[in-house]
Amino acid sequence: MDVSPLLDALNDAQREAVAAPPGHTLVLAGAGSGKTRVLVHRIAWLVGVDRVPEHAILAVTFTNKAAAEMRHRVQSMVSDLGRGMWVGTFHGLAHRLLRRHFREAGLPETFQILDSDDQLRLIKRVQRDQGLDDARFPPRQSQWFINHCKDEGQRAEHLDAYGDGLKQVKIAVYAEYEARCQRSGLVDFAELLLRSQELLLRDPHLLEHYRQRFRHILVDEFQDTNEIQYAWIRLLAGDTGQVMVVGDDDQSIYGWRGAKVANVGRFQEDFPHVRLLRLEQNYRSTANILNAANALIAHNSERLGKHLWTDGAPGEPLTLFAAYNEMDEARFVVERVREWIAQGQAATDAAILYRSNAQSRIFEQQLIAAGVPYRIYGGQRFFERVEIKDTLAYLRMLTNPDDDAAFERAVNTPSRGIGAKTLAQVRARAATDQMSLWRAAGDLCDGGGLASRAAHALSDFLQLIAELGADLAGRELAEKIERVITRVELVAHYQSEGAERAQTRVENLEELVRAARGFVLQAEAAEDDPLVAFLANAALEAGESQAAEGEDCVQLMTLHAAKGLEFPLVFMCGLEDGLFPHMRAVEEAGRMEEERRLAYVGITRAKRLLYLCYAEQRRWHGGNTARRLSKFVSEIPAELIREIRPRIQVSRAWQSGGPGVSPVANQCAIKLGQNVRHDSFGHGVVVNVEGAGEHARALINFEQVGSKWMVLSYGNLEML
DNA sequence: AACACCGCGTTTTTT
DNA sequence: ACGCGGTGTT
C-alpha cells in the first residue's frame, strides 16, 4: 500500500499521517511543516487508496480562503472534482445544513444571515426599546456577551444571572434579540453553528443520516476551534466517524475570541485511541530563523511540545533595527524593500507585519513617497460597504419582507420623508402585535393613526417594495440588482455626498452587478433560489477589500492576518514593550503566552530574511513616548541577531532600561528623534548629538537634503 | 436633514 | 492626537 505515488514526495511523518490507519488522528503540525499538504494528500489517499466514497468526506477550515485553497488542491489531486465531498468553513457547512433542513431547524426558507454590523444595530435597537442607557450598557458588550454565549452553546434560557444585575440585563437583551431574529428570519454567525447543532440534536434521524454519511472528518487549524465548533465535530463524528485534526498549539492566537487550545488536549481524551503524530520538519525557513522561533516559543510553559528543525542552510542572521521614531522605522523598511526590488526580487515576496492596524499608515505614506506598490490587508470588506449593504437591504426585503434589519436600512435610504417619529410608531406597533416592521407598517397605513404626510411617505415605500417585487420576478440575478439600483435611485442619493465619494460608490455598485453576473451556485445548493444564495454568500464571504490582484506589490498586514502565509522577506515592526506585547495583553493573565505565540507566528512567516524593527520613540495616543525594545527580542539568542544602527552610536537605552534618549542628548535638551525645521533645508529629524552648551551640535537627517551636522547655537533650527 | 459639538476609546478579526 | 458615533442645534 505504501508504494502509492501519493507518498513519494512526503517525509516519514507526513506519510504516516497521510496513510494513517482507521481511527482518530491528531497531527501536531509545526509552522511550515506541510500541514495543508498532508490534509490534501490524506483526502486523496482516502479516495484513491482506501476507496472511501467522496461524499463520505467532510473537511472543515476556518476561513473561506483556506477552504477555497483546499478545494482547489483536492480537485487537482483527486481525479474527478470533489463531488459530494463537503469542503468548507464551519459557518459555511452549518449554513448548508440549515438551508437543507430549514423546516426542521425552525427557520423560514428565505432566512438570511445577519453580519456583525447588522447584529450590532439590532442589539442597539433592542436596548433602546428596553430603555437601556447606551453609556451604562454598551451595546458592543451585549453583542460580545451574546456571541460568547452562543459560542459556548448557551441559550438565554439556560443562563442564570445569580443575582448579578448587569448580567440579568444582558440575558434579557439576549432573549429579546433572539426573539426578534426569529421573527425576522435572521441568523447571526454564531447562531449558524448553534442552530445546526441543535438541529442535529433534536432530530435523531437526521443526525444518524449525517453520521452514516460523513465517515471521515478532517479539521484544519484545530487549535482555533471554539467550544461549539468542537462540540459540532464531536456530534457529527459520533461513534462511527473517523476524525483527523491538524493543528499547532504554538500558533493559537485567537484565544481572545473564544478559540480554545485546550481542545487539542481534549481531543485525545474525548475520542478513543487517538494516534498522535508530529510534523516537525520545517521546509520554509532558514535554520537561523527557525532557531529564533524555537528559542522564543520555548519561553511558553503551556505547550504540548514540539521542536521544529530543518536540514537547510543557516542563512542570514536576523537583523535588528533600532529606529529613532516610527518615521525612521518606516523609512528604513521602505528603503530595504526598494533594495529588494532593485535586486530583481518580487515586491509581493516582501511583507511588512505589525501588531495593530494603526501602524500601517506611516508605512503607507513612505511607500507612496517611494513609489513602491503595496497592498494593505484588512481594510473594509466589499460586502460591508454602505452602498452594497443599502442595495442588498432592498433585495433582502424582496426575499423576505419580514427581515427587520433590512427594513430599518432600506426604509429611509435614500431619505423619503420617513422620519424618526414615524418609525417609532411602526416599531411600537410591531412590538405590541409581535410582528415584523413590514407588517406593522402595512397595518399602520391601512388603519390610519399616522399623520397624513407620514402615511403617504410610508405607503409609498411599501408600494415601492411591492412594485419592485412584481417587476423583478423571473428576472436574472444581476438584472434584479441593476433594477433595484435604478428604481431606488441610489446613485443620485450617493451623489449628494460629493462627487469623488459617489464615484467609488458607483464603481462598487457596478462591481456588485458584475459579481452577481459571475455568481455560480455551488452544486449542493442548486435547488436554492439564486438570490437567496447570493445574499447568504455575501454575508458569509464578505470579500477582500482591495482586489488589486495580480499586481506585484508589497504586502502589509497585521501579524494575525499573516498566519498561514509565507514570505521570503519579512519585516516585523513596532517590536516595543506595550505595543508588542500589547499593553492590554500584559495586564490580562494568560495573554502573554498568546502574544508570544503571535511573535512566533510572525517569525515563522519568514523564509529567508527577517528584519526586527522598533522605534525608540513613537507617536502614540497623542504624545511622543519613549519606547523599549520588546522583551520577545531578548528571548531570541543574541548570536542569531545582527544589530544595525547606521546613523547613531549612543548608549543602548533599551538595555539600561531607560527611555530612548542618549545621556548626551539629554544634557542639551534636544532629543534624538526630535523633529526640526530649517529655513533652507526643510524638515528633518535629530539623529545624533555631540558636545554641550554652545558647542553642542546635532546630526540632522533632513528629508530633502540628507544628513547634516548643525551647531545648535548657530543653526536656526525650529523645534517641532 | 445638515451641521456642529462633545466624549470616548484606542489589539488582534472570521464568519 | 484623532476619528468616530451619538446627540443637540438650526
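Per chain, residues are indexed from 1 in the order of the written sequence. Going through the entries in the order they are written, you letter the chains from A and number the ligands from 1. Note on the predicted model: pLDDT of at least 70 is required for a residue's local features to be given, and 80 or more for side-chain atom pairs to be given and counted; whole-chain, interface and lining totals, by contrast, use all residues. Excluded from the side-chain calculation are hydrogens and water; included are all heavy atoms of the structure.

1. What to know about the overall build of chain A
- Elements are defined by DSSP. Helices are runs of H or I of four residues or more, strands are runs of E of two residues or more, and each kind is numbered from the N terminus. A tally of helices and strands in chain A yields 29 helices and 21 strands.
- Across the 720 residues in chain A, those meeting the buried criterion constitute 53%.
- What makes two residues a contact is simply this: any of their non-hydrogen atoms within 4.5 Å. Contacts in chain A between residues far apart in sequence, at least 24 positions, make up 74% of those at least 6 positions apart.
- Surface exposure of chain A reaches about 31400 Å², of which carbon and sulfur atoms provide 49%. Each residue is placed in one exposure class: buried if its accessible area under a 1.4 Å probe, protein chains only, is under 20% of its type's maximum, exposed if it is over 50%, and partly exposed if it falls in between. Surface exposure here means Shrake-Rupley accessible area, sampled with a 1.4 Å probe, where a residue is shielded only by the protein chains that are shown.

2. Topic: the confidence of the model for chain A
- Chain-level statistics for chain A give a pLDDT mean of 87 and a share of 90% at 70 or above.
- In the predicted structure, residues 648-668 sits below a pLDDT of 50 and forms 37 contacts with residues beyond four places in sequence or in another chain. Each residue carries a pLDDT score, the predictor's confidence in it, ranging from 0 to 100.

3. What about the nonpolar core?
- Judged by nonpolar contacts, the single largest core of 62 residues is most densely connected at Ile217 and Phe267.
- When residues of this core are assigned to their parent elements, the largest contribution, seven residues, is made by helix H10 (residues 227-237).
- The split into domains, and so the bounds of each, comes from an automatic or database assignment of domains. For this core, the domains that each give at least three residues are domain 1 (4-101 + 194-281) and domain 2 (112-184).
- In this structure, Ile217 is in contact with Leu58, Ile233, Leu236, Ala237, Gln242, Val243 and Met244, ignoring residues within four places of it in sequence. Throughout this description, the term nonpolar core refers to a set of buried Ala, Val, Leu, Ile, Met, Phe, Trp, Tyr and Cys residues connected via side-chain atoms within 4.5 Å.

4. Remarks on the protein's contact with DNA strand B
- We call a residue near a molecule or strand when any one of its heavy atoms sits within 4 Å of it. Taken together, 22 residues form the shell around DNA strand B, and within it Asn64, Arg355, Asn357, Arg381 and Thr558 come nearest.
- Polar contact is the term for a pair of N or O atoms within 3.5 Å; when the atoms are in protein, one must be able to donate a hydrogen and the other to accept it, and sequence-neighboring residues count only if both atoms are side-chain atoms. Residue Arg257 places a side-chain N or O atom 3.3 Å away from a sugar or linking oxygen belonging to DNA strand B.
- Within the side chain of Thr558, an N or O atom sits 2.4 Å from a phosphate oxygen of DNA strand B.

5. Quick look at helix H4 (residues 90-100)
- With eight of its eleven residues buried, H4 lies for the most part within the structure.
- Buried within H4 we find Phe90, Leu93, Ala94, His95, Arg96, Leu97, Leu98 and Arg99.

6. Comments concerning the packing of helix H17 (residues 420-433) against helix H18 (residues 437-447)
- Interaxial angles span 0 to 180 degrees and are taken between N-to-C directions of axes, which are lines fitted to C-alpha atoms, for helices over the stretch in contact. Contact pair H17 / H18: the axes reach a minimum separation of 8 Å and the direction vectors enclose 110°. The pairing of H17 with H18 is recorded here as roughly perpendicular in orientation. Of the residues in H18, those in contact with Gln425, Val426, Arg427, Arg429 and Ala430 of H17 are Leu437, Ala440, Ala441, Asp443 and Leu444.
- Among the residues making up the contact of H17 with H18, the classes are represented as six nonpolar, one polar and three charged. Our angle categories are set so that under 35 degrees counts as roughly parallel, over 145 as roughly antiparallel, 65 to 115 as roughly perpendicular, and the remainder as oblique. All amino acids are sorted into three groups, where Ala, Val, Leu, Ile, Met, Phe, Trp, Tyr, Cys and Pro are nonpolar, Asp, Glu, Lys and Arg are charged, and the leftover types, Gly among them, are polar.

7. Observations concerning the packing of helix H6 (residues 139-151) against helix H8 (residues 189-202)
- In contact at an axis separation of 9 Å, H6 and H8 are set at 25° when each is read in the N-to-C sense. The orientation of H6 relative to H8 falls into the category roughly parallel. The way H6 lies across H8 gives a crossing that is left-handed. Every residue of H8 that contacts H6 at Asn147, Lys150 and Asp151 is listed here: Ala190, Glu191 and Leu194. Two helices cross in a left-handed way if the nearer one is turned anticlockwise from the farther one by less than a right angle. They cross in a right-handed way if the turn is clockwise.

8. A closer look at the sheet that holds strand E6 (residues 216-219)
- A strand pair is defined by DSSP finding two or more bridges across the two strands. The strand order across the open sheet built from six strands is E3-E2-E6-E7-E1-E8, with neighbouring strands paired in parallel fashion. Each end of this open sheet is capped by a strand with a single partner; those strands are strand E3 (86-89) and strand E8 (274-279). Each strand of the sheet is rotated relative to its neighbour by a mean of 15°, with strand direction disregarded.
- Two strands pair when backbone bridges link them, and strand E2 (residues 57-61) and E3 are joined in this way by four bridges, in the parallel orientation. Its bridge partner being in E3, Val60 is matched across the sheet by Gly88.
- Sheet strands touched by helix H3 (residues 64-77): E2 and E3. Its angle to E3, the strand with the most contacts, is close to 160°.

9. As for unusual backbone geometry
- Omega for the peptide link from Thr413 to Pro414 comes to -5°, which places this bond in the cis form.
- Positionally, Pro414 belongs in the loop between helix H16 (404-410) and H17.
- Cis rather than trans, the peptide bond between Phe580 and Pro581 has omega equal to 5°.
- Relative to the helices and strands, Pro581 resides in the loop between strand E13 (567-572) and helix H25 (583-587).
- Residues other than glycine seldom take positive phi values, yet Tyr162 does so here, at roughly 50°.
- The class for Tyr162 is exposed, based on a relative accessible area of 70%.

10. Overview of the pattern of salt bridges
- Every case where a carboxyl oxygen of Asp or Glu lies within 4 Å of a side-chain nitrogen of Lys or Arg is listed as a salt bridge. Tallying each qualifying case throughout the model produces 50 salt bridges.
- Close ionic contact of Asp220 with Lys35 constitutes a salt bridge, the shortest N to O distance being 3.1 Å. Of this pair, Asp220 sits in the loop between E6 and H10 while Lys35 sits in helix H2 (residues 35-48), and the two are 185 residues apart along the sequence. Assigned by exposure class, Asp220 and Lys35 land together as buried.
- Asp270 is the partner of Arg266 in a salt bridge, and the nearest nitrogen-oxygen pair spans 3.8 Å. Of this pair, Arg266 and Asp270 are both found in helix H11 (residues 262-270), four residues apart, which corresponds to roughly one turn of the helix.
- Overall, the relative accessible area of 25% leaves Arg266 in the partly exposed class.
- Its relative accessible area of 26% is what places Asp270 among the partly exposed residues.

11. Section: the packing of aromatic side chains
- Each pair of aromatic rings taken from Phe, Tyr and Trp, with Trp reduced to its six-membered ring, is defined by centres within 6.5 Å and is described as stacked if the planes are under 30 degrees apart, edge-to-face if over 60, and tilted in the remaining cases. The tally for this structure, following the rule as stated, stands at 18 aromatic pairs.
- With a centroid separation of 6.1 Å and an interplanar angle of 50°, the aromatic rings of Phe222 and Tyr230 are classed as tilted. Judged on exposure class, the residue Phe222 and its partner Tyr230 are both buried.
- When the centroid spacing of 6.2 Å and the interplanar angle of 75° are considered together, the rings of Phe383 and Phe534 count as edge-to-face. A residue pair is termed long-range when its members are at least 10 positions apart, and Phe383 in the loop between strand E11 (374-376) and helix H15 (386-399) and Phe534 in helix H23 (residues 530-540) qualify at 151 residues. When sorted by exposure, Phe383 lands in the same class as Phe534, which is buried.
- Taken together through their ring pairs, the aromatic side chains of Phe222, Tyr230, Phe267 and Phe271 make up a single cluster.
- Charge over a ring is defined by NZ of Lys or CZ of Arg lying within 6 Å of the ring centre and within 35 degrees of the ring normal. When the ring centre of Trp86 is taken as reference, the NZ or CZ atom of Arg96 above it lies at 4.6 Å.

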